[in-house]
Amino acid sequence: MNILVFGKDGQLGKAFKALFDSQTITKNVVIQYVGRADCDLSDANALSNLLLKTSPDLIINASAYTAVDKAENNVEMAFAINARAPELMAKYASEHGATFLHYSTDYVFDGGKSGWYIESDERNPLSIYGKSKTAGEIAVEEVFANVASSHFAIFRTSWVYGAGGNFIRTMLRLAKERDELKVVHDQRGVPTSADWLAKVSLALVLDSQFQIKPFTSGIYHAVPAGETTWHGLACAAVQAALDAGIALKAKPGCIKPILAAEYPLPALRPANSRMANRKLQLALSGGLSDTSNSYNQAQNMSNFPAWDGMVQQYVSQLAKEGLI
Ligand SMILES: NC(=O)c1ccc[n+]([C@@H]2O[C@H](COP(=O)([O-])OP(=O)(O)OC[C@H]3O[C@@H](n4cnc5c(N)ncnc54)[C@H](OP(=O)(O)O)[C@@H]3O)[C@@H](O)[C@H]2O)c1
């Protein structure tokens with residue numbers, strides 16, 4: 001089993017490395033991690049050559065152009081990394097019988113739905129980033145259409161935090177520096193731990209011997225239980241840091257809720273990007289069949305762990321490592 005992980009220096013790439021490093025890998029399993037220095041994904045030839053040279057059985061694409069606001073002025077690069085590169089990876093996988101894991105975003109939705117988004121809901125991205133990730137999803141789906149022998153999963157996730165820069169770490173830094181913070185409270189979503197995301201991804205596709213197990217190809221919403229706003233997430237992170245004994249200038253009561261319209265950014269964000277995770281839960285418990293659409297009626301009533309407990313654990317780990 002030859003596993004190739006793209007995006008080794010990103011939050012999710014690092015989470016995969018930590019997860020694989022924590023496991024006993026059998027001798028016949030080779031895992032290679034690829035970063036920008038090894039292969040610039042905007043170079044299609046370099047990517048194709050790398051795939052041919054390494055001949056992976058499982059490709060995990062944790063790379064992406066994730067600079068949501070910068071993407072508004074870097075359209076070509078966003079589409080090269082978020083659409084063209086995954087399309088090439090999917091083509092390789094479909095032609096060589098490999099399995100492909102890809103990641104997408106809540107920003108494929110426009111946020112206009114009042115309830116929870118399910119996998120089959122219409123995509124209508126508001127930003128270039130969202131459009132490029134949408135194009136990536138569609139390209140991967142099209143490559144695998146009518147291919148019976150290969151498998152793919154696109155995990156749509158949201159508000160990811162892990163080893164790297166992210167919203168939680170920004171809020172903690174600001175709470176150390178300032179007496180008062182202002183944070184958007186009219187955008188709802190589900191914060192997702194990169195470590196947890198890597199774990200559920202592998203649980204879907206690999207057995208304990210690191211062999212590919214049968215799973216239903218397609219899109220899965222991969223988020224924990226519960227929901228919040230950016231303001232709710234900031235308050236939870238700051239409270240968790242205080243609980244961990246970190247001295248902060250801004251306490252949760254000093255975090256003022258504001259409207260997104262009061263904090264304009266180059267890229268529009270969906271007001272509601274809550275994604276129901278029932279399909280992934282069913283698949284992990286063996287209850288999802290190719291013909292089943294029972295998850296379509298389901299909400300995010302989850303057996304998965306709740307987002308706030310995971311944020312608390314993450315912040316307490318940051319505190320232990322002296323990273324706040
Ligand atoms: N972060 C979020 O809040 C969020 C939300 C929803 C969905 N997602 C999705 O979740 C997945 C993982 O996100 P993440 O937070 O782990 O992202 P991340 O931390 O930004 O990591 C992305 C990685 O992709 C690499 N990359 C970008 N352009 C490249 C290029 N031209 N050639 C080679 N590598 C390149 C980056 O390399 P460098 O380190 O060299 O820049 C970086 O290591 C992505 O598909 C993302 O779209 C993320």
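One structure accompanies this document, and this report is about it. (Residues numbered from 1 in each chain as written. Predicted model: local features only at pLDDT ≥ 70, side-chain atom pairs only at ≥ 80, totals over all residues. Heavy atoms only, no water.)

**A word on the site of the ligand**
Taken together, the neighbourhood of the ligand is formed by 24 residues, with L12, R36, T66, Y129 and K133 sitting nearest. For the ligand, an oxygen atom lies 2.9 Å from a polar atom in the backbone of Q11. Y129 is positioned with one of its side-chain polar atoms (N or O) 2.8 Å from an oxygen atom of the ligand. Counting only elements with at least two residues in the shell around the ligand, the list comes to helix 1 (11-21), strand 4 (99-105) and helix 4 (128-144). If you tally residues by element for the shell around the ligand, the top one is strand 4, at three residues. Within the shell around the ligand, the residues separate by chemical class into ten nonpolar, nine polar and five charged. (Near = heavy atom within 4 Å. Polar contact = N/O pair within 3.5 Å; in protein donor to acceptor, adjacent residues only side chain to side chain. Helix = DSSP H or I, 4+ residues; strand = E, 2+ residues; numbered from the N terminus. Nonpolar A, V, L, I, M, F, W, Y, C, P; charged D, E, K, R; others polar.)

**Section: the packing of helix 5 (residues 167-177) against helix 9 (residues 307-320)**
Two quantities define a packed helix pair, namely the angle between the helix axes and the distance between the axes. As a packed pair, helix 5 and helix 9 sit with axes 12 Å apart at the nearest point and diverge in direction by 55 degrees. As summarised for this structure, helix 5 and helix 9 are arranged oblique, according to the angle between their axes. Regarding helix 5 and helix 9, the two cross each other, and that crossing is right-handed. Contacts from I168, R169 and L172 in helix 5 reach V311, Y314, V315 and L318 in helix 9. Across the contact of helix 5 with helix 9, the residue classes tally to six nonpolar, no polar and one charged. (Axes fitted to C-alpha atoms, helices over the stretch in contact; angles between N-to-C directions. Parallel < 35°, antiparallel > 145°, perpendicular 65-115°, else oblique. Left-handed = near helix turned anticlockwise from the far one by under 90°. Contact = heavy atoms within 4.5 Å.)

**Some points on the packing of aromatic side chains**
Remark: the centre distance and the inter-plane angle together describe each pair of aromatic rings, the angle taken between the planes. In the structure shown here, the tally under the stated rule is twelve aromatic pairs. Seen in terms of ring centroids, F144 and F152 are 4.7 Å apart; in terms of plane orientation they differ by 15 degrees. Their pairing is stacked. Taken together, the aromatic side chains of F16, F20, Y103, F155, F210 and Y220 make up a single cluster linked through ring pairs. Over the ring of Y33 we find K17; its NZ or CZ atom is 5.5 Å from the centre of that ring. (Phe/Tyr/Trp six-rings, centres within 6.5 Å; stacked < 30°, edge-to-face > 60°. Lys NZ or Arg CZ within 6 Å of the ring centre and 35° of its normal.)

That is the geometry; function is a separate question.
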